[in-house]
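# A closer look at the structure
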Amino acid sequence: MSSLSTSLDPSAVWFITGCSSGFGKAIAQTVYNAGHHVVATARNVDALSYLPDESKVLKLRLDVTSKDSIVKAIGTTVETFGRLDVVVNNAGYTVMGDTEVIPETEARLLHETLFWGPIFIMQEVVRVFREVNPQNRGGAVVNISSMGGSITVAGNSFYHAGKFALEGFTKSMAQEMKPEWNIRFMLVAPGGVRTNFAGTSTSGMKMLPRHPAYDTPSHPLSQMLNYLNMPGIRDTWSDPEICARLLFDAVVGKYNNRPLPTRLLMGADAVQLVKQDLNKALQEIEAWRNESESCSPNGGADLPGIDK
């Protein structure tokens, strides 16, 4: 573990995507209330009016599907504050439906938001952390994934694909960082959160027409849709302000300066379901261990650079 400082004070500059509502709004408000500098971004800056117009707040229009928009926004951040300490890739939505009939255009646009946008942002900000920030200051990348980056449910195949890809990319890129750069990465994986993300009548979810072959009451997607529309079900989900505070406290080092986890789960449902999925995977590995290991009569590869 690096001996370099990982704590942050109120001079820190946070760049957050998807701040118009929901989790992104909660994160931006938490950062602002703590006295840190916040760069809040959204497609429509009018949606950022909940933040005051003052020297510690920068409101920027950002289209995460446009690399030019990303480069411009990060450049404006550096020009304004002279540095950048934390990036939170939060912008996202889902396209829900029967995979067989989801149009390619919908799927590709979703992945531009869930995957390529954060990738372009990471490529840009790592250079800022290393070459623009004060020496050894480094920075932190926080990518908002989901428990859907580890587990899957019917009707969300393209969403899961985007989150699985984001998680793999994040973990691999983190391994490329030299310790002296002091650049940290963390995936955040919430379960259900009381925002406008999930639900057939919300802005965070685009529900496509069902295919008649799948549209039966017993189908898993039909059951999921019934669950999402149950009265009062959201009351059991996680509080976005509490989630935002946990994220903030972890990044600034409030938990005895423990190193950032690779993946920070949020919500009792996320902990239970991800553990359940991991246990099932371990059981399958053991059940097929002899057959799997028989494929490597000479012992298998011993790859460098992988923690064991």
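Calculation rules
- Residues numbered from 1 in each chain as written.
- Predicted model: local features only at pLDDT ≥ 70, side-chain atom pairs only at ≥ 80, totals over all residues.
- Heavy atoms only, no water.
- Pairing = 2+ DSSP bridges.
- Helix = DSSP H or I, 4+ residues; strand = E, 2+ residues; numbered from the N terminus.
- Axes fitted to C-alpha atoms, helices over the stretch in contact; angles between N-to-C directions.
- Contact = heavy atoms within 4.5 Å.
- Core = buried A, V, L, I, M, F, W, Y, C linked by side-chain atoms within 4.5 Å.
- Buried < 20%, exposed > 50% of the residue type's maximum accessible area, 1.4 Å probe, protein only.
- Salt bridge = Lys/Arg side-chain N within 4 Å of Asp/Glu carboxyl O.
- Right-handed = clockwise from strand over helix to strand, strands pointing away.

This paragraph deals with the sheet that holds strand S1 (residues 13-16). The strand order across the open sheet formed by seven strands is S3-S2-S1-S4-S6-S7-S9, and the pairing between neighbours is parallel. With one partner strand each, in any of the chains shown, strand S3 (57-61) and strand S9 (263-266) form the two edges of the open sheet. If you compare each strand with its neighbour and ignore which way they point, the axes differ by 15 degrees on average. Relative to strand S7 (residues 183-190), strand S6 (residues 139-144) is paired through six bridges, and the arrangement is parallel. Its bridge partner lying in S7, Ile144 is registered against Val188. Lying on the sheet, helix H1 (residues 22-33) is in contact with S1, strand S2 (37-42), S3, strand S4 (86-89), S6, S7 and S9; it crosses S1 at an angle near 170 degrees. Contacts between helix H2 (residues 67-81) and the sheet are confined to S1, S2 and S3, with S3 contributing the most and set at about 160 degrees to the helix.

Another aspect to go through is the nonpolar core. Within the largest apolar cluster, 34 residues are counted, with the highest numbers of intra-cluster contacts made by Trp14, Ile16, Phe23, Ile27, Val142, Leu247 and Val251. With seven residues, the single largest contributor to this core is helix H6 (residues 240-252). Sequence-distant contacts of Phe23, defined by excluding residues within four places in its chain, comprise Asn90, Ile144, Val188, Pro190, Thr195, Pro240, Cys243, Ala244, Leu247 and Met266. Counting 30 residues, the second largest nonpolar core, distinct from the first, contains Phe15, Leu58, Leu62 and Ala73.

Within this structure, the stated rule accounts for 16 salt bridges. A salt bridge links Asp239 to Arg194, with the nearest nitrogen and oxygen atoms 3.3 Å apart. In this pair, Asp239 sits in the loop between helix H5 (220-228) and H6 while Arg194 sits in the loop between S7 and strand S8 (205-207), placing the two residues 45 residues apart along the sequence. Among the residues examined, Arg194 registers a relative accessible area of 35% and is labelled partly exposed. Among the charged side chains, a salt-bridge network with shared partners connects Arg83, Asp85 and Arg137.

Moving residue by residue along a regular strand, the side chains alternate between the two faces of the sheet. Among the eight residues of S7, eight are classified as buried, and the element is accordingly described as predominantly covered. Side chains Ile183, Phe185, Leu187 and Ala189 project from S7 onto one buried face, and the interleaved Arg184, Met186, Val188 and Pro190 project onto a second face that is buried too. Regarding the hand of the β-α-β motif, the stretch spanning S6, helix H4 (residues 157-176) and S7 is right-handed. Summarising the sheet, S7 and S9 pair through four bridges and their orientation is parallel. By the bridge assignment, Leu187 is partnered in S9 with Arg263.

Everything listed here is a matter of geometry and, on its own, says nothing about what the molecule does.
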